[in-house]
Amino acid sequence: MAKKQFKTESKKLLDMMVNSIYTHKEIFLRELISNASDAIDKLYFKSLTDDSVTLKKEDYEIRITVDSEARTLTLTDNGCGMTREELENNLGTIAKSGSFDFKNNPENKGEEGEKIDIIGQFGVGFYSAFMVADKITVESRAYGSDEAYRWESSGADGYTVEPCEKEACGTVITLHIKDDTDDEKYGDYLNSYRIQALVKKYSDYIRYPIRMLVETERIKEGTKDEYEKTVQDQTLNSMVPLWKKNASEVTDEEYKNFYEEKFYDYEAPLKVIRQKAEGASNFVAMMFIPSHAPYNYYSRDYEKGLQLYSSGVMIMDKCKELLPDYFSFVRGLVDSSELSLNISREMLQHNRQLSVIAKSVEKKIASELSKMLSAEREKYERFFDAFGAQLKWGLYSDYGMHKDVLQDLILFKSSFEGKYVTLKEYVTRAKEEQNKIYFASGDSIEKIKLLPQVESVTAHGYEVLYLTEDVDEFALQMLRTYSDKEFSNVCQDNLDLDTDEEKERIKSENEKAKELFALIKESVGGNLHSVRFTASLQNHPVCLSSEGALSVNMEKILNKTPGMEEAALKAELVLEININHPIAEKLKELFESDKEKLASYSKVLYTQARLVGGLSVEDPAEFGELICNLMLQ
Ligand code: ADP
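Residues numbered from 1 in each chain as written. Predicted model: local features only at pLDDT ≥ 70, side-chain atom pairs only at ≥ 80, totals over all residues. Heavy atoms only, no water.

Student: Lay out helix H9 (residues 377-396) in plain terms, naming residues and giving numbers.
Tutor: The terminal C-alpha atoms of H9 lie 24 Å apart, and with 20 residues this falls more than 12% below the ideal 28 Å at 1.5 Å per residue. Its axis deflected by about 70° at Phe 387, H9 carries its strongest bend there. When H9 is considered as a whole, its buried residues turn out to be Tyr 380, Phe 383, Phe 384, Ala 386, Phe 387, Gly 388, Ala 389, Gln 390, Leu 391, Lys 392, Gly 394 and Leu 395. Positive backbone phi, at 50°, marks Asp 398, one or two positions downstream of H9. (Helix = DSSP H or I, 4+ residues; strand = E, 2+ residues; numbered from the N terminus. Expected span 1.5 Å × (residues − 1). Bend = angle between axes of the 7 residues up to and from the residue. Buried < 20%, exposed > 50% of the residue type's maximum accessible area, 1.4 Å probe, protein only.)

Student: Describe the side chain of Gln 492, naming the residues involved and giving the relevant values.
Tutor: With respect to the element layout, Gln 492 can be found in the loop between strand E19 (485-489) and helix H15 (500-512). When its relative accessible area of 11% is taken as the criterion, Gln 492 is described as buried. Separated by 2.6 Å, the side chain of Gln 492 and the backbone oxygen of Gly 548 make a polar contact. Those residues in contact with Gln 492, other than ones at most four positions away along the chain, are Glu 473, Ser 545, Ser 546, Gly 548, Ala 549, Leu 550 and Ser 551. (Polar contact = N/O pair within 3.5 Å; in protein donor to acceptor, adjacent residues only side chain to side chain. Contact = heavy atoms within 4.5 Å.)

Student: Give a description of the pairing of strand E4 (residues 148-153) that names residues and reports values.
Tutor: For strand E3 (residues 133-141) and E4, the ladder comprises 6 bridges, and the chain directions are antiparallel. If you follow Ser 140 over to E4, its bridge partner there is Tyr 149. Between the end of E3 and the start of E4, which pair antiparallel, lie 6 residues, with Gly 144 showing a positive phi angle near 90°. Here E4 pairs with strand E5 (residues 159-164) via 6 bridges, running antiparallel. (Pairing = 2+ DSSP bridges.)

Student: Give a detailed account of the sheet that holds strand E21 (residues 542-547), specifying residues and quantitative values.
Tutor: The strand order E20-E22-E21 describes an open sheet built from 3 strands, whose pairing is mixed. Each edge of the sheet is formed by a strand with only one pairing partner; in this case those strands are strand E20 (528-534) and E21. Here the average twist between neighbouring strands, direction ignored, is 30°. Of the strands in this sheet, E20, E21 and strand E22 (572-578) are in contact with helix H19 (residues 595-612), which crosses E21 at around 70°. (Axes fitted to C-alpha atoms, helices over the stretch in contact; angles between N-to-C directions.)

Student: So what's going on with the packing of helix H2 (residues 27-49) against helix H6 (residues 192-203)? Residues and values would help.
Tutor: Two elements in contact, H2 and H6, have axes separated by 9 Å at closest approach and are oriented at 65°. It follows that H2 is roughly perpendicular to H6 by the angle criterion. Where H2 crosses over H6, the two elements pack in a sense that is right-handed. Only Ile 195, Leu 198, Val 199, Tyr 202 and Ser 203 of H6 make contact with H2, whose side of the interface consists of Ile 27, Leu 29, Arg 30 and Ile 33. Class assignment of the residues belonging to the contact of H2 with H6 gives a composition of 7 nonpolar, 1 polar and 1 charged. (Parallel < 35°, antiparallel > 145°, perpendicular 65-115°, else oblique. Left-handed = near helix turned anticlockwise from the far one by under 90°. Nonpolar A, V, L, I, M, F, W, Y, C, P; charged D, E, K, R; others polar.)

Student: Can you explain the nonpolar core? Please cite residues and give values.
Tutor: Among the nonpolar cores identified, the biggest contains 70 residues, and Phe 327, Phe 329, Leu 369, Tyr 380, Phe 383 and Leu 391 are the most heavily contacted of them. Among the elements that take part in this core, helix H8 (residues 351-375) stands out by supplying 9 residues, more than any other. Here this core spans two domains, and each of domain 2 (242-378) and domain 3 (410-489) adds at least three residues to it. Among all residues touching Leu 391, those that are not within four sequence positions of it are Tyr 326, Phe 327, Phe 329, Tyr 380, Phe 383, Phe 384, Leu 406, Leu 409 and Ile 410. Counting 65 residues, the second largest nonpolar core, distinct from the first, contains Tyr 60, Cys 169, Phe 258 and Tyr 309. (Core = buried A, V, L, I, M, F, W, Y, C linked by side-chain atoms within 4.5 Å. Domains from an automatic or database assignment.)

Student: With reference to specific residues and values, describe the packing of aromatic side chains.
Tutor: Inspection of every chain in the model, using the stated rule, returns 30 aromatic pairs. On the basis of an interplanar angle of 75° and a centroid distance of 4.6 Å, the ring pair of Tyr 205 and Trp 243 is categorised as edge-to-face. Of this pair, Tyr 205 sits in the loop between H6 and strand E7 (210-219) while Trp 243 sits in the loop between strand E8 (227-235) and helix H7 (252-263), and the two are 38 residues apart along the sequence. Relative accessible area serves as the criterion here: at 7%, Tyr 205 is assigned to the buried category. Of the aromatic side chains, those joined through ring pairs into one cluster are Tyr 297, Tyr 298, Tyr 302, Tyr 326, Phe 327, Phe 329, Tyr 380, Phe 383, Phe 384, Phe 387 and Tyr 420. The ring of Tyr 420 carries the charged tip of Lys 413 above its face, separated from the ring centre by 4.6 Å. When the ring centre of Phe 591 is taken as origin, the NZ or CZ atom of Lys 595, which lies over that ring, is 4.6 Å away. (Phe/Tyr/Trp six-rings, centres within 6.5 Å; stacked < 30°, edge-to-face > 60°. Lys NZ or Arg CZ within 6 Å of the ring centre and 35° of its normal.)

Student: Describe in detail helix H16 (residues 514-524), supporting the description with residues and values.
Tutor: Buried within H16 we find Leu 516, Phe 517, Ile 520, Ser 523 and Val 524. Along H16, the residues classed as buried sweep out an arc of 125° about the axis, all on the same side. Facing away from the buried side of H16 by more than 90 degrees, the exposed set consists of Lys 514, Glu 515 and Glu 522. Where the residues of H16 are buried, they touch H15, E20, E22, helix H18 (582-593) and H19. Taken from the residues just after H16, Gly 525 is the one with a positive phi, measuring 65°. (Arc of directions from axis to C-beta.)

Student: Give a detailed account of the environment of Lys 276, specifying residues and quantitative values.
Tutor: Relative to the elements of secondary structure, Lys 276 occurs in strand E9 (residues 271-277). Judged by relative accessible area, which is 61%, Lys 276 ranks as exposed. Distance from Lys 276 to Asp 335, taken between C-alpha atoms, is 9.7 Å for residues 59 residues apart in sequence. Non-local contacts of Lys 276, meaning those with residues more than four positions away in its chain, are made with Phe 283 and Val 284.

Student: Explain unusual backbone geometry to me, using residue names and the numbers behind them.
Tutor: In this structure, Asp 398 takes a positive phi of about 50° despite not being glycine. For Asp 398, a relative accessible area of 43% puts it in the partly exposed group. Here the phi dihedral of Arg 480 falls at roughly 65°; this positive angle occurs in a residue that is not glycine. Note on Arg 480: relative accessible area 61%, which makes it exposed.

Structure below.
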């Protein structure tokens, strides 16, 4: 029998297919199962209007058979089958030359041309089987025909078609699995556990049963430890997608099992989000908020994304375009029947469709989080403990572009009751004359509470937000204001809390002490930018604050960021001395009587202010010696 040649284009495509288009060889099974399911669909729809089709809905099936000795994997379906012409046309031509001409014609390029999805029209899924098989036999009998044909090919060198015997309509595809190589264990595809896992992974929601004889071992009746092998005919797929069931029909247990199995988590999700969109885009989404961050969440290894299904068939495991970075913790899937897929089903051709879905998904997640915040506060706080930092990064990134989505979803602990508050709660209970939102940052809440400036602001009855995470201050700086109130770092900005009378007094005292301050500054040296008196401190003698754009805390964070050490960014430090503390008089006195002692006092006070402010001692040995000398006097 003469071997027929594939069309030239087909040869090229076949070669491309085997070598490059698909990144995972295992998807061949999904492609063949999808084809079988399509073929059954065709016959099933015919049966709706044509009484001559005697198969009932429950008769349809896709069967997988493994023969590891013969190294064959067989897929059988009782769908519409193919005629001789169809075998030749569908499996003998991958892309018609006319279409190539069309695509290559300059007249068809340009704005309109870009939209034409040529390759998408020509399925090449079947050929993916050549990635794992060195010979493929297809026996098929079309519905309504009494002839059957066998198509056979060993790859690019061509194919043969000849008549064969086949009792019922449908198609049997037999793959002769390649021999194992050093790099690739093709024999895996003859392992029934591997096949079961692949069906679960890619084709779980195919509408027709995918069956296979599965060998299982069980304890022999009447014995305690003797095993016997039994063969069971099992249905491998669950057929009805959970996300296509009504939310009211799905139990928490089902969600939990689905989530844990699909997303490899050991804990039930904190929240399930269901979405069904109709109109501008049609899709259903089922999403989960995990109850804890995956171990690699805050590392570079973590990959965000939702699974993407096209009419129940998974085409992408992690479609990252579907989630913004700040919601990267969301797991789940989107199923749409409208996606136009390109040649490999692994890449999507029209990203516009995807971005419409992504926008809608983002809105849904934001609104569900906001609902959770107002209706299930305790749950939301647990969520925030796990993923709050990500939302704050989102606020900071892209120059604050996402603040409308995010600003009402973030929480901070505060001086009010030590609990989490939202910005809205803060401004709602702020005093009438209060036009700022005060915050203080540090390594821990305990340390922040000890800051002299925090004490003075709370003494005025104002609430202070406690910022303990690296990203916090950067996020607020990007936000700048909330509800027309500016954010104010209690250790940085002029707090303006004094009465007019006090202000006057401080102004003239500062004026008078200029030379004293110059001497203190000179004695301390290093990073001290300026010195001044303050009337705002309660009992503390001194405190350290900063001027300019960079706060002390931001300096700390930036300088520990890899790649930033070189820049050695410095905050402009200010030593503030409590005018109402006896130390102020003492310093003035020493300025007149003993400048050497004043220098030692300055260094000790400055170090003290650093320690209280959460900074390290610059020269511990010198500091120890100074204290010791003072003790001996
Ligand atoms: P696609 O499925 O994307 O169209 P394939 O290369 O996988 O591309 O298949 C080419 C064509 O071969 C299908 O469109 C279909 O008409 C036919 N075909 C493949 N498998 C079967 C099958 N099991 N039963 C009937 N027809 C099939």
